[in-house]
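For reference, the chains in residue letters:
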Amino acid sequence: MKTYTNTGNKDTRSGFGAGLEELGKTNENVVALCADLTGSLKMNAFADAHPDRFFQVGIAEANMMGIAAGMTIGGKIPFTGTFANFSTGRVYDQIRQSIAYSDKNVKICASHSGLTLGEDGATHQILEDLGLMKMLPGMTVINTCDYNQTKAATLAIADHHGPVYLRFGRPKVANFTPENGDFQIGKAVHLQEGTDVTIVATGHLVWEALEAAKALNEKGISAEVINIHTIKPLDEEAIVASVKKTGCIVTAEEHNYLGGLGESVARTLAQHHPTPQEFVATQDTFGESGTPEQLLEKYGLNAANIVAKAEQVINRK
Amino acid sequence: MADIQHLKDLVTQVRRDIVRQVHAVSSGHPGGSLGCAEFIVALYHEIMDHNPDFNMDGHNEDLFFLSNGHISPVFYSVLAHAGYFPKEELSTFRKLNSRLQGHPTTHEGLPGVRIASGSLGQGMSVGIGAALSKKLNGDDKTVFTLHGDGELQEGQIWESAMYASANHVDNLIATIDVNGQQIDGSTDSVLALGDLRKKFEAFGWEVLTINKGNDMEAVVSGVKEAISLTRKRKPVCILLHTTMGHGVDFMMGSHEWHGIAPNDEQLAEALKQNPETIGDY
């Protein structure tokens, strides 16, 4: 098994902030907009260094999406920043018409996604955003797993022409992917080679999947672990190739099992290689207040549940 | 100034195009389209510095965004007569595989359209974005937007109105088509808009009223006056008073013609009232 080292817990949103700060220096067309959450989104460094290219829009997310769409006319590359809930559900029609249908080069950057937002509770813990965004034609959907990958993704999406939804989170989590690593949109990352079960994870659950693979290994089960940072376009080839080898799959995500990564994988497999699958995801519920750790445990979004689902799905082979 | 008679002839031709487009597919929105004919003809044939050899970024051009996208028939007709695409294409309006969708879109690549619109309330934000982009680029041209008065019931309009004044977006002229009608009835009966001048002034805008929005001379001089008010640290709003359905007597002043098409007899009557000038498509 490959060994991955956590170089120190860091929040993915700070990876976004670091990427944006770097883009400020390297790409003069990059502009940033924020709806009164500059500190939470870690956009301060960009805002301080480039006040002329930073637009504080206030608590008015619909207007922010429209302004971002308009700024692309004239060649700007707008990055919008607010919480995932306010980046998607609150402004779905603005994104649909003014950005997606209008083919605008806007990067919708969303922090505080999922349960790990924590104590603020269900009003802010969106678990439906991946589904909402992947259904929009032409939208690229990315959910990064750690600080380094979030920074790399932030840099990569500036060079990709077209609308992008970049989803990341609030808590400090393991940072284990390479510093200044390559980020290829739509390309799965193989973290462990295995033969008994495939574990496909996204976002904060990638580290949990690695922990689960270690636990499975101790039980004599060989798990293949794939980091799917791009939900859309999905690297179908990598997933199909893996299940052809392992014969079963577990998907893991901090999202409702309806509409998320698991469903995209299930559709892919139904079409190309029907395979037993289990889902580590929330079960069509809202979240609630609690610490991130408590919530992940209560809703089964952790290594222990990935292990349990892996054993279940192996029995279905 | 261009020959005023030529502008009026264009308006008459545009009105013919509007009713013919809508009649051909028995769908579309003639009322608001007819009412805004003078304004949009004035923009594209007298006011704006624009290039029909279309480029999305529109550097060093004045830009226009139609926020109330349902009046696409007037927009398409004016764009065609301004040379953005062949006027024969107007015959494809709302038909399968057309670039002239029911509501304007960039998605099919129709030259002259820079944003999709139809779901209301979004165009002022887009116009602000384009205006900010121009400022960043050192481009001193002006951004125009057009909104229905009923559209002002959308909350996003007021988000954007607040932003534009707070941030001195003074290269933007937002025009409100004040025709007092919307789908379900008069704006007063559906959701009264109150005193629009006071509302926009309270939001920090420079406000100018064009009382005769269907009089070409009044429209041209009013819009030119609005341009003179730009670049003074305030966004500019034109309250353009028009008559829904203007130019076709049986459609005038009623919400009934907001979104229905004329039948064969009604078309003939409408065309009789608007004789061919520049040439039908």
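See above for the structure.
Keep in mind that this is a model prediction, so the values were computed, not measured.

Undergrad: Could you give an account of the overall build of chain B, naming the residues involved and the relevant values?
TA: A count of helical and extended segments in chain B gives 10 helices and seven strands. What you see for chain B is a C-alpha radius of gyration of 17 Å, in line with the 19 Å of a compact globule of 281 residues. Summarising its shape, the C-alpha atoms of chain B cover approximately 50 × 45 × 35 Å along the three principal directions. Expressed as a percentage of the 281 residues in chain B, the buried residues total 58%. A separation threshold of at least 6 residues defines the contact pool for chain B, and within that pool the share at least 24 residues apart is 76%. Both charge centroids of chain B, one from 22 positive and one from 36 negative side chains, sit 4 Å from each other.

Undergrad: Hey, could you go over unusual backbone geometry for me, with residue numbers and the actual values?
TA: Residue Lys232(A) is joined to Pro233(A) through a cis peptide bond whose omega torsion reads 0°. Along the chain, Pro233(A) turns up in the loop between strand S12 (230–232) and helix H9 (236–246). Phi angles above zero are rare outside glycine, and Asn60(B) is one such case at about 55°. Positive phi is not limited to glycine here, since Arg233(B) has a value of about 70°.

Undergrad: Give a detailed account of the pairing of strand S13 (residues 249–256) of chain A, specifying residues and quantitative values.
TA: Residue and element names in this part refer to chain A. Within S13, eight of the eight residues are buried, leaving the element largely enclosed by the surrounding structure. Summarising the sheet, strand S10 (residues 197–201) and S13 pair through four bridges and their orientation is parallel. Across the sheet, residue alanine 201 finds its bridge partner in S13, namely alanine 252. Pairing of S13 with strand S14 (residues 277–282) involves five bridges; the strand directions are parallel. Bridge pairing in S14 places valine 250 opposite glutamate 278. Note that the unit made of S13, helix H10 (residues 261–272) and S14 has a crossover that is right-handed.

Undergrad: Tell me what's going on with helix H12 (residues 303–315) of chain A, and back it up with residues and numbers.
TA: When the terminal C-alpha atoms of H12(A) are compared, their 19 Å separation across 13 residues agrees well with the 18 Å that a helix rising 1.5 Å per residue should span. Buried positions along H12(A) lie against S10, helix H8 (205–218), S13 and S14 of chain A.

Undergrad: Could you give me a rundown of the pattern of salt bridges, with the residues and numbers involved?
TA: Counted according to the given criterion, the structure contains 23 salt bridges over all chains. Measuring nitrogen to oxygen at the nearest pair gives 3.0 Å for the salt bridge that ties Asp49(B) to Lys141(B). You can see Asp49(B) sitting in the loop between helix H3 (37–47) and strand S1 (63–66) and its partner Lys141(B) sitting in the loop between helix H5 (123–136) and strand S2 (143–148), a full 92 residues away along the chain. One network of salt bridges, with partners in common, ties together Glu193(A), Glu224(A) and Lys245(A).

Undergrad: Can you lay out the environment of Val91(A) for me, pointing to particular residues and giving the numbers?
TA: All names here are of chain A. Checked against the element boundaries, valine 91 lands in the loop between helix H4 (84–87) and helix H5 (92–100). According to the relative accessible area criterion, valine 91 is buried, its value standing at 0%. As for valine 91 and glycine 66, which are separated by 25 residues in sequence, their C-alpha atoms are 9.7 Å apart. In contact with valine 91, not counting residues within four places along its chain, are Glu61, Ala62, Met65 and Phe86.

Undergrad: Hey, could you go over the pairing of strand S11 (residues 223–227) of chain A for me, with residue numbers and the actual values?
TA: All names here are of chain A. Within S11, five of the five residues are buried, leaving the element largely enclosed by the surrounding structure. Of the two faces of S11, both are covered, the one formed by Ala223, Val225 and Asn227 as well as the one formed by Glu224 and Ile226. The sheet contact formed by strand S9 (residues 189–192) and S11 spans three bridges and is antiparallel. Residue pairing in the sheet places histidine 190 in a bridge with isoleucine 226 of S11. Note that S10 and S11 share five bridges and pair parallel. Counterpart to alanine 201 in the pairing with S11 is asparagine 227. Read as a crossover between parallel neighbours, the route from S10 over H8 to S11 is right-handed.

Undergrad: Outline the sheet that holds S11(A), supporting the account with residue identities and numerical values.
TA: All names here are of chain A. Within the open sheet, the five strands sit side by side as S9-S11-S10-S13-S14. Their pairing is mixed. Looking at strand neighbours, the two that pair on one side only are S9 and S14, the edges of this open sheet. Shown here is a sheet whose adjacent strand axes are inclined to one another by a mean of 25°, direction ignored.

Undergrad: Explain the nonpolar core to me, and be specific about the residues and the numbers.
TA: Counting 70 residues, the largest nonpolar core has Leu33(A), Ile95(A), Ile108(A), Met139(A), Ile128(B), Phe200(B) and Trp205(B) as the members making the most contacts within it. With seven residues, the top contributor of residues to this core is helix H3 (residues 61–71) of chain A. The contacts of Phe200(B), once residues within four sequence positions are left out, are Met124(B), Leu152(B), Trp158(B), Ala161(B), Ile176(B), Trp205(B), Val207(B) and Cys237(B). Counting 55 residues, the second largest nonpolar core, distinct from the first, contains Leu79(B), Val248(B), Met251(B) and Leu271(B).

Undergrad: I'd like a description of the packing of aromatic side chains, backed by residues and values.
TA: Residues and elements named next belong to chain B. Under the counting rule described, the total for this entry stands at 14 aromatic pairs over all chains. When the centroid spacing of 6.5 Å and the interplanar angle of 65° are considered together, the rings of phenylalanine 54 and tyrosine 84 count as edge-to-face. On the criterion of sequence distance, the pair formed by phenylalanine 54 in the loop between H3 and S1 and tyrosine 84 in the loop between helix H4 (72–81) and H5 is long-range, its members being 30 residues apart. Owing to a relative accessible area of 25%, phenylalanine 54 belongs among the partly exposed residues under this scheme.

Undergrad: Please provide a residue-by-residue account of the interface of chain B and chain A, values included.
TA: A common measure of how large an interface is: the accessible area buried when the components associate. The interface of chain B with chain A comprises 29 residues on the first partner and 27 residues on the second. A combined buried area of about 2,200 Å² lies between chain B and chain A, and 53% of that area is made up of carbon and sulfur atoms. It is Leu136(B), Glu159(B) and Tyr163(B) that lose the most area in chain B upon contact with chain A, and together they represent 24% of the buried surface on that side. Run the count over chain B and chain A and you get zero salt bridges. Where chain B packs against chain A, one counts 21 residue pairs in polar contact (both at pLDDT 80 or more). Residue assignment for the side of chain B that touches chain A shows that the elements contributing at least two residues are S1, H5 and helix H6 (155–166) of chain B. The greatest single-element share of the side of chain B that touches chain A, amounting to eight residues, is contributed by H5(B).

Conventions we followed
- Residues numbered from 1 in each chain as written.
- Chains lettered and ligands numbered in written order.
- Predicted model: local features only at pLDDT ≥ 70, side-chain atom pairs only at ≥ 80, totals over all residues.
- Heavy atoms only, no water.
- Helix = DSSP H or I, 4+ residues; strand = E, 2+ residues; numbered from the N terminus.
- Rg over C-alpha atoms; globule rule 2.2 N^0.38 Å.
- Buried < 20%, exposed > 50% of the residue type's maximum accessible area, 1.4 Å probe, protein only.
- Contact = heavy atoms within 4.5 Å.
- Lys, Arg positive; Asp, Glu negative; His and termini not counted.
- Charge placed at Lys NZ, Arg CZ, Asp CG, Glu CD.
- Pairing = 2+ DSSP bridges.
- Right-handed = clockwise from strand over helix to strand, strands pointing away.
- Expected span 1.5 Å × (residues − 1).
- Salt bridge = Lys/Arg side-chain N within 4 Å of Asp/Glu carboxyl O.
- Axes fitted to C-alpha atoms, helices over the stretch in contact; angles between N-to-C directions.
- Core = buried A, V, L, I, M, F, W, Y, C linked by side-chain atoms within 4.5 Å.
- Phe/Tyr/Trp six-rings, centres within 6.5 Å; stacked < 30°, edge-to-face > 60°.
- Buried area = accessible area lost by both parts, 1.4 Å probe.
- Polar contact = N/O pair within 3.5 Å; in protein donor to acceptor, adjacent residues only side chain to side chain.

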